[in-house]
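# Structural description and commentary
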Amino acid sequence: MENKALVWKWVEEFQGVFCDLSDRVWGMPEICYTEYRSVAEHTAMLKQQGFRVTENVADIPTAVMGEAGEGGPIIAFLGEYDALPGLSQEAGVARYSPLPGNGHGHGCGHNLLGSAAMLAATALKSWLEESGTPGRVRYYGCPAEEGGAAKSFMARAGAFDGVDVAITWHPSAHHEVAKPLSLANTRMDFAFRGRSSHAAASPHLGRSALDAAELMNVGVQFLREHVPQDSRIHYAFLDAGGVAPNVVQAKSTVRYAIRSRDVHAMFELNERVKRVAQGAAIMTDTEVDISIMSAVSNLLGNRPLEEAMQRNLEALGPVPFDHADHAFAAEIQATLTPEEIDNCYRKTGVKPTAPKPLSDYIIPLDTHGEVMIGSTDVGDVSWVIPTVQAHVPTMAIGTPGHSWQLTAQGKMPAAHKALGHVAKVMAATAVDVLTDKILMAQMKKAHFEQVSEKPYHCPIPAEVKPPIQPRPDTL
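First, a word on what this report is: a plain description of the structure on this page. (Residues numbered from 1 in each chain as written. Predicted model: local features only at pLDDT ≥ 70, side-chain atom pairs only at ≥ 80, totals over all residues. Heavy atoms only, no water.)

### Some remarks on unusual backbone geometry
- Backbone geometry at Ala-144 places phi at a positive 55 degrees, although glycine is not the residue there.
- Inspection of the secondary structure assignment puts Ala-144 in the loop between β4 (135–142) and α4 (150–156).
- Unusually for a residue other than glycine, Ala-149 sits at a positive phi of about 55 degrees. (Helix = DSSP H or I, 4+ residues; strand = E, 2+ residues; numbered from the N terminus.)

Structure (structure tokens):
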């Protein structure tokens, strides 16, 4: 416990500057592979704190890694800083009030995610120096978690090779060790090419790419009945071919997100969806080009690490929210439906007898709620190295992910308190790994047992490159 008290002391020492970093990133929301200003802020902070900095990790301009320490095991903290489109919102206002500008917003709390992860890394760096413990700490600034799969590209490039453990977190409405549940996910584009013609005078000469795309959608709709229950398939038109109904559309592109419980089932489902697209092309006498844009693997758990993180979460107790924090959270809850609030409880499996706007309890490790699963590129890191993830409340209970309500809470005092709290949880877990040889052996054994039968195979083909976006001229 003495070692943990020392590392917590360093978290408290640095917490203010990292709350400021989080607020700055909140104020410059940048989406998928455009996080140039956000990564510049993170890079500057790494240099300010004395880390050895590697930029352009995996040839991604908006990815960065900072390292400190010598010898010993390597502990990685994973951070993110990408925002979402369409979720601009004034901070601290419990009504929909978008800000002027590009319309982006931190509706998933990644401004907090990256700052708290770097705070934990900085505290561990200071503890290593103070205690003389051999070991290295790394902070990975990872862009494009929202649809860009940067960690998958980074894992494929070997960015995490040699690392002993990865520790991360995600903003939440509850205190818990994140359950290792996520869906493997492929984003794939189907570009149909036909032949344009006059839709009235010579329709027989045209070959409609739009018809092909629509037939594909119908085929996939029927396919959904015949896939595993935990699979998901959804789509969006990127290009419907044009706006003139008197033209046979010669092009049409539809993007699909194809999800399965694990990466191997996803590969199989991908092929079935491809065959539907090829059948649609045959039916319409068109051609289809199929390209993978990004993909992520499912999460692998690590029970020894999860138990260690749970002990630290319980030792710290809940985030010390005050009356003002609860009052603003209640204002946010007033904008939500009872179903949204109940859904939040159902996911955790715990509902207190006297519900409150903010969580003041810790969910036991083996509590199981209703399974509601998304996808994350942390999954690919978990296939390469032992990985563990915390959830700590930064938002009112019931706040939907990817919502203006979440953006509104991203700079509030409650979020700042949670930022420091989860940094303590992560840093203490890292201290456990560095000082407990039995834990180190157990976590490595648990990881090896999971990947030995099905070794990691990156779901993104080698020829697919990250969809890097150009650096804005305004920088």
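### Here's the deal with the side chain of Ser-172
- Mapping Ser-172 onto the fold places it in strand β5 (residues 165–172).
- Under the relative-accessibility criterion, Ser-172 is labelled buried at 11%.
- A polar atom in the side chain of Ser-172 sits 3.1 Å from the backbone nitrogen of His-174.
- Setting aside its immediate chain neighbours within four residues, Ser-172 contacts His-391, Val-392, Pro-393, Thr-394 and Met-395. (Buried < 20%, exposed > 50% of the residue type's maximum accessible area, 1.4 Å probe, protein only. Polar contact = N/O pair within 3.5 Å; in protein donor to acceptor, adjacent residues only side chain to side chain. Contact = heavy atoms within 4.5 Å.)

### Quick word on the pattern of salt bridges
- In the structure shown here, the tally under the stated rule is 30 salt bridges.
- The salt bridge involving Lys-4 is made with Asp-432; its shortest N-O contact spans 3.0 Å. Of the two residues, Lys-4 sits in helix α1 (residues 2–26) while Asp-432 sits in helix α12 (residues 413–435), which places them 428 residues apart along the sequence. Across the pair, exposure class does not vary: Lys-4 and Asp-432 are buried alike. (Salt bridge = Lys/Arg side-chain N within 4 Å of Asp/Glu carboxyl O.)

### What to know about helix α8 (residues 323–333)
- Restricting attention to buried positions, one finds in α8 the residues Asp-325, His-326, Phe-328, Ala-329, Ile-332 and Gln-333. Down the axis of α8, the buried side of the element spans an arc of 165 degrees, and every buried residue falls inside it. Opposite the buried face of α8, at more than 90 degrees from it, the exposed residues are His-323 and Ala-324.
- Residues of α8 that are buried make contact with α9 (338–348), α11 (404–408) and α12.
- At the N-terminal boundary of α8, the capping side chain belongs to Asp-322, with an oxygen 3.1 Å from the backbone nitrogen of Ala-324. (Arc of directions from axis to C-beta.)

### Quick notes on the state of the cysteines
- If you walk through the whole model with that rule in mind, you get zero disulfides.
- Note on Cys-32: no disulfide assigned, nearest cysteine sulfur contributed by Cys-142 at a separation of 13 Å. (Disulfide = S-S within 2.5 Å.)

### Looking at the sheet that holds strand β2 (residues 64–70)
- Strand order across the open sheet formed by seven strands is β1-β2-β4-β3-β5-β11-β6, with mixed pairing between neighbours. Either end of the sheet is taken by a strand with one partner, and the two such strands are β1 (52–55) and β6 (176–177). (Pairing = 2+ DSSP bridges.)

### Overview of the nonpolar core
- Core analysis: the biggest nonpolar cluster contains 70 residues, and Ile-75, Phe-77, Leu-124, Ile-167, Trp-169 and Met-426 have the highest contact counts within it.
- Every residue in contact with Ile-75, bar those within four places of it in the chain, is listed here: Leu-124, Arg-136, Val-137, Arg-138, Val-165, Ile-167, Ala-430, Val-433 and Leu-434.
- Core analysis: the next-biggest nonpolar cluster, separate from the first, contains 29 residues, Ile-60, Met-65, Ala-155 and Val-163 among them. (Core = buried A, V, L, I, M, F, W, Y, C linked by side-chain atoms within 4.5 Å.)

### Thoughts on the sheet that holds strand β10 (residues 287–296)
- Read across the open sheet, the four strands follow the order β8-β9-β7-β10; overall the sheet is antiparallel. Single-partner strands in this sheet number two, and they are β8 (232–239) and β10. Taken over all neighbouring pairs, the strand axes of this sheet differ in orientation by 20 degrees on average, direction set aside.
- Bridge analysis of strand β7 (residues 184–193) against β10 gives nine bridges, and the strand direction is antiparallel. When the sheet's bridge partners are listed, Thr-186 is paired in β10 with Ala-295.
- Sheet strands touched by helix α5 (residues 209–223): β7, β8 and β9 (251–260). Its angle to β9, the strand with the most contacts, is close to 20 degrees. (Axes fitted to C-alpha atoms, helices over the stretch in contact; angles between N-to-C directions.)

### Some points on the environment of Val-276
- With respect to the helices, strands and loops of the structure, Val-276 is situated in helix α6 (residues 263–284).
- Sequence separation of Val-276 and Val-220 is 56 residues, and the distance between their C-alpha atoms is 6.8 Å.
- When sequence neighbours within four positions are dropped, the list of residues in contact with Val-276 reads Met-216, Gly-219, Val-220 and Leu-223.

### Overview of the packing of helix α2 (residues 36–48) against helix α3 (residues 110–131)
- Here α2 crosses α3 at 10 degrees, and the two axes come no closer than 12 Å. Between α2 and α3, the crossing angle belongs to the class labelled roughly parallel. Of the two elements, α2 crosses α3, and the hand of that crossing is right-handed. Residues His-42, Met-45 and Leu-46 of α2 pack against Gly-114, Ser-115 and Met-118 of α3.
- Across the contact of α2 with α3, the residue classes tally to three nonpolar, three polar and no charged. (Parallel < 35°, antiparallel > 145°, perpendicular 65-115°, else oblique. Left-handed = near helix turned anticlockwise from the far one by under 90°. Nonpolar A, V, L, I, M, F, W, Y, C, P; charged D, E, K, R; others polar.)

### Comments concerning the side chain of Thr-367
- Looking at the element boundaries, Thr-367 is found in the loop between α9 and α10 (378–384).
- Residue Thr-367 is classed as buried on the basis of its relative accessible area of 15%.
- A polar contact of 3.2 Å, which involves the side chain of Thr-367, links it to the backbone oxygen of Pro-364.
- Residues within four places of Thr-367 in sequence aside, it is in contact with Lys-179, Thr-348, Gly-349 and Val-350.

### Remarks on the packing of aromatic side chains
- Applying the stated criterion across every chain, the model contains seven aromatic pairs.
- Ring centres of Trp-10 and Phe-14 lie 5.9 Å apart, and the angle between their planes is 20 degrees; this geometry places the pair in the stacked category. One end of the pair is Trp-10 and the other is Phe-14, both in helix α1 and four residues apart, which spans about a single turn.
- Ring plane angle 55 degrees and centroid distance 6.1 Å describe the contact between Tyr-96 and Trp-404, whose orientation is recorded as tilted. Highlighted residues: Tyr-96 in the loop between β3 (74–80) and α3 and Trp-404 in helix α11, separated in sequence by 308 residues.
- A relative accessible area of 53% means that Tyr-96 is categorised as exposed. (Phe/Tyr/Trp six-rings, centres within 6.5 Å; stacked < 30°, edge-to-face > 60°.)

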